[in-house]
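# Fold and contact review
What follows is the residue order along each chain.
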Amino acid sequence: MNTILVVGAAGYIGSHTLRDLKERKYNTVALDNLSEGHLEALCGGVLENIDLADTEGLNNIFKKYNIDAVMHFAAYAYVGESVINPRKYYQNNVLCTFNLLNAMLENNVHNIVFSSTCAIYGNPVYTPIDEKHPQSPVNPYGNTKYIIEKMLADYKKAYGLKYIALRYFNAAGARESAEIGESHNTETHLIPLVLQTLTGKKQCIDIFGDDYDTPDGTCIRDYIHVNDLADAHRLAVEHLMNNKGSEVINLGTGKGHSVKEIISVCESVAGKRAPYKVTARREGDPASLVASNCVARDLLGWEPKYTDIKDIIRTAWNWERNRKY
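Residues numbered from 1 in each chain as written. Predicted model: local features only at pLDDT ≥ 70, side-chain atom pairs only at ≥ 80, totals over all residues. Heavy atoms only, no water.

## Some words on the nonpolar core
Counting 33 residues, the largest nonpolar core has Ile 13, Leu 166, Leu 251 and Trp 302 as its most contacted members. Counting only elements with at least two residues in this core, the list comes to β1 (3-7), α1 (12-23), β4 (69-72), β6 (162-168), α7 (226-241), β11 (247-251) and α9 (294-300). No other element matches α7, which puts 8 residues into this core. Beyond its immediate sequence surroundings of up to four residues, Leu 166 is in contact with Val 113, Phe 114, Ser 115, Ser 116, Thr 117, Ala 232, His 233, Ala 236, Ile 249 and Leu 251. Residues Phe 62, Cys 96, Leu 101 and Phe 114 belong to the second largest nonpolar core, which totals 27 residues. (Core = buried A, V, L, I, M, F, W, Y, C linked by side-chain atoms within 4.5 Å. Buried < 20%, exposed > 50% of the residue type's maximum accessible area, 1.4 Å probe, protein only. Helix = DSSP H or I, 4+ residues; strand = E, 2+ residues; numbered from the N terminus. Contact = heavy atoms within 4.5 Å.)

## Notes on a nonpolar patch on the surface
Residues Val 79, Val 83 and Ile 84 make up a contiguous nonpolar surface patch of about 300 Å² in total accessible area. The residue Ile 84 is located in helix α3 (residues 79-84) in this model. Taking the relative accessible area as the measure of exposure, Ile 84 reaches 73% and is therefore exposed. (Patch = residues over 30% accessible without salt bridge, like charges linked within 9 Å, V, L, I, M, F, W, Y side chains within 5 Å. Areas by Shrake-Rupley, 256 points an atom, 1.4 Å probe, with all protein chains shown as cover. Salt bridge = Lys/Arg side-chain N within 4 Å of Asp/Glu carboxyl O.)

## Comments concerning the side chain of Asp 285
As for its position among the elements, Asp 285 is in the loop between β13 (276-279) and β14 (288-289). Engagement of the side chain of Asp 285 in a polar contact is seen with the side chain of Arg 282, the distance being 3.0 Å. Excluding its chain neighbours within four sequence positions, the residues that come into contact with Asp 285 are Asn 123, Tyr 212, Cys 219 and Arg 221. (Polar contact = N/O pair within 3.5 Å; in protein donor to acceptor, adjacent residues only side chain to side chain.)

## Some remarks on the packing of aromatic side chains
Applying the stated criterion to the full structure yields 3 aromatic pairs. Ring geometry for Tyr 76 against Tyr 89: centres 5.8 Å apart, planes inclined by 55 degrees, an arrangement best described as tilted. Linking Tyr 76 in the loop between β4 and α3 with Tyr 89 in helix α4 (residues 86-106), this pair joins segments that are 13 residues apart in sequence. Summarising the burial analysis for this pair, Tyr 76 and Tyr 89 share the class buried. (Phe/Tyr/Trp six-rings, centres within 6.5 Å; stacked < 30°, edge-to-face > 60°.)

## What to know about the sheet that holds strand β2 (residues 27-31)
The strand order across the open sheet formed by 7 strands is β3-β2-β1-β4-β5-β6-β11, and the pairing between neighbours is parallel. Each of the sheet's edge strands pairs with one partner strand only, and the pair in question is β3 (47-48) and β11. In this structure, β2 lies alongside β3, joined through 2 bridges in parallel fashion. Along β3, the bridge assignment pairs Leu 31 with Glu 48. (Pairing = 2+ DSSP bridges.)

By themselves, these observations are geometric and do not establish any function.
Right, dumping it as structure tokens:
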């Protein structure tokens, strides 16, 4: 059985993917420095508490375990913070990925699934957005993911590294069991913010602009369930280990939902009203980001199971009411 190193295993998407791999009897090694992740999200098992800046410690992990492939989730991912403190993002996201790739090559590991983002597209020229869409990030966070994708392509050409870069749209939801879910030290995602308003943890939702060129004036996004993301990661690593080619692949449902629509569905699921106020637009927020997921379907055989936004929000609400960390 192949052994997969899950980097950033205690984070939101990493922990869901780790759980999926374990249930499917994959050998896994969890790596996380716990700067953003949660130990409770691992739900048992061994954790290698290593920072990717620690090149010696990182090399020792590869020597200790017989790693066949890497899933790389570890990154800082707050867009606003990246604008204020880009040095933090380039140092952590880019330089630490450089360390990881070099450790892989030094230990003859040539398969990596990388967590990329739709933020590399910037302001869309057309929707739905496919993988051929121009890439023009509008913030340092998106720039770091763009640079890493270029690094992967260069390492493939020069060293034979095989990779799949998965460009997520908006991750959402939680495990049906509510054992693990979305928990950020600084929460910036819409669905948990609305749900926290419904539990009384927050007083009000801020809607950043209601004058966009959309049906109700608020921004439209493509929300994909975290379990569907985990499933795509497993299919991607299997694709690589079956000696198939490197790819960049969008992950989204292909459906868009506005901010006001999300608030309304959250209210319907919870049976409560969520107060909100309209504030100024955020700089760099595109009116609409919706994925074309044809490549994921065709190359990976991936199909999102959560296609109804109400089902996605239902799992998030179950987690929020019973959150463990």
